[in-house]
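Understanding the architecture of this molecule
This is what each chain is made of:
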Amino acid sequence: MNPYGNIVLLTGASSGIGNATAKLLAKEGFSVYGLSRRGQGRTEFTDGGFLQMLAADLTDEGSVNAAVSHVLDIEKRIDILINCAGNGVCGPVEECSPKDALLQLDVNYLGIIRMLNAVLPGMRERQKGLIINIGSVGGIFAIPFQSLYSSSKFAVEALTECLRIELLPYGVRAALIEPGDIKTGFTGSRVYAKRAQNSSYGDKFAAAIAQMEHDETHGMDPIEVAKVIYSVIKRKNPPVRVVVGFTYKLLVFLKRVLPSRLIEKILTLMYPNSKAGIEKK
Ligand SMILES: NC(=O)c1ccc[n+]([C@@H]2O[C@H](COP(=O)([O-])OP(=O)(O)OC[C@H]3O[C@@H](n4cnc5c(N)ncnc54)[C@H](OP(=O)(O)O)[C@@H]3O)[C@@H](O)[C@H]2O)c1
């Protein structure tokens, strides 16, 4: 049993971290409604759990509202909302247009706001509920050539910290999960900012992307994040944030204690300025 109830609405349930979490929770007996653009079908699990996929595009308020209303019509309430859907738009800052920035924020940040607008009134009225937002270690460290992605995840940090304080008197809790590199569909879905497709930053940009892709494709299994999410669901007073993975916990600790200039040096070394730099590693 957990302190919130067993009706879960989870975005990004068709792939990666969201899919692993949806399946883990359904196996544990939760009624899981999973949203994604290509969402369809239903899988029953033992102990009465199920994963019901629903098609919804988080960039479309009408689509989000229709999906949430559908779940409320059936279940009358949503106990736990997990905002997991996301993607990455990359490119040097100079080559990222406002349109590219909007594209990034539309899913990773505004998508969460659309979900919260639709789900929070019911939770606040019932004085019970849990919001879990999937941030990223990239929301703690600004990752070069992923400025739009990092900005969107920094924004999710602020949003969640505010949510926690605003919702506390209403019995609704919120927490951030901050994964490091995870092997998922995220790498294949990465979008290049339009002008970065023929970037003036040449080798430097290519090297940074190659490093990111290497780290992601050699990253942890998404089930490790799912287990952390489940552990947070069991807690009456969830922590503000949980970093996933020992190495990333250590890096986040270092960010807190080391001077910013030193952190900048470490990041510069992590993302070498040429392909040759990667080959030497
Ligand atoms: N992989 C990593 O290394 C990593 C690290 C830290 C944080 N994260 C975060 O973890 C979360 C999950 O990512 P993942 O790694 O599991 O990636 P993934 O395998 O690519 O999954 C992304 C999910 O988001 C959904 N999605 C994307 N755009 C959507 C939209 N407009 N409307 C509705 N659903 C949409 C996708 O479903 P459809 O395509 O069917 O719509 C898919 O289910 C993201 O927030 C990501 O930023 C990932």
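Source: prediction; values computed, not measured.

Rules of the game
Residues numbered from 1 in each chain as written. Predicted model: local features only at pLDDT ≥ 70, side-chain atom pairs only at ≥ 80, totals over all residues. Heavy atoms only, no water. Axes fitted to C-alpha atoms, helices over the stretch in contact; angles between N-to-C directions. Helix = DSSP H or I, 4+ residues; strand = E, 2+ residues; numbered from the N terminus. Parallel < 35°, antiparallel > 145°, perpendicular 65-115°, else oblique. Left-handed = near helix turned anticlockwise from the far one by under 90°. Contact = heavy atoms within 4.5 Å. Nonpolar A, V, L, I, M, F, W, Y, C, P; charged D, E, K, R; others polar. Near = heavy atom within 4 Å. Polar contact = N/O pair within 3.5 Å; in protein donor to acceptor, adjacent residues only side chain to side chain. Areas by Shrake-Rupley, 256 points an atom, 1.4 Å probe, with all protein chains shown as cover. 1 Å grid on protein atoms, 1.4 Å probe; cavity = no way out; pocket = protein on both sides within 12 Å on 5 of 7 lines; lining within 4 Å. Sits in = over half its atoms within 2 Å of the grid points. Phe/Tyr/Trp six-rings, centres within 6.5 Å; stacked < 30°, edge-to-face > 60°. Buried < 20%, exposed > 50% of the residue type's maximum accessible area, 1.4 Å probe, protein only. Lys NZ or Arg CZ within 6 Å of the ring centre and 35° of its normal.

Time to look at the packing of helix H3 (residues 98-108) against helix H5 (residues 147-167). Where H3 contacts H5, the two axes come as close as 9 Å, and the packing angle between them is 40 degrees. When the axis of H3 is compared with that of H5, the two are oblique. Two packed elements cross with a definite hand, and for H3 against H5 that hand is right-handed. Here Asp100, Ala101, Gln104, Leu105 and Asn108 of H3 lie close against H5, whose contacting residues are Leu148, Tyr149, Ser152, Lys153 and Val156. When grouped by side-chain class, the residues that make up the contact of H3 with H5 number five nonpolar, three polar and two charged.

A few words now on the site of the ligand. Taken together, 31 residues sit near the ligand, with Ser15, Arg37, Arg38, Tyr149 and Thr184 positioned nearest. One of the side-chain N or O atoms of Arg38 is found 2.7 Å from an oxygen atom in the ligand. A distance of 3.0 Å separates an oxygen atom of the ligand from a polar backbone atom of Gly185. Here the ligand, which alone exposes 880 Å², has 95% of that area covered by the protein. At a threshold of 2 Å from the grid points, most atoms of the ligand map onto the largest pocket. When grouped by side-chain class, the residues that make up the shell around the ligand number 12 nonpolar, 13 polar and six charged.

Let us look at the packing of aromatic side chains. In this structure the tally under the stated criterion is six aromatic pairs. Both rings, one in Phe145 and one in Phe205, keep their centres 5.5 Å apart while their planes meet at 45 degrees; by these two values the pair is tilted. Here Phe205 lies in helix H7 (residues 202-217) and Phe145 lies in the loop between strand E7 (129-134) and H5, a separation of 60 residues in the sequence. Classification of Phe145 by relative accessible area gives buried; the value is 16%. A centroid spacing of 5.7 Å and a plane angle of 70 degrees characterise the contact between Tyr192 and Phe205, whose relative ring orientation is edge-to-face. Residue Tyr192 is located in strand E9 (residues 191-192), and its partner Phe205 is located in helix H7; the two are separated by 13 residues in the primary sequence. Assessed through its relative accessible area of 4%, Phe205 is described here as buried. Three or more aromatic residues link up through ring pairs in this structure, and these residues are Phe145, Tyr192, Tyr201 and Phe205. A cation over an aromatic ring shows up here: Lys234 above the ring of Tyr230, its NZ or CZ 4.2 Å from the ring centre. The lysine or arginine in question, Lys255, covers the ring of Phe141, its NZ or CZ lying 5.5 Å from the ring centre.

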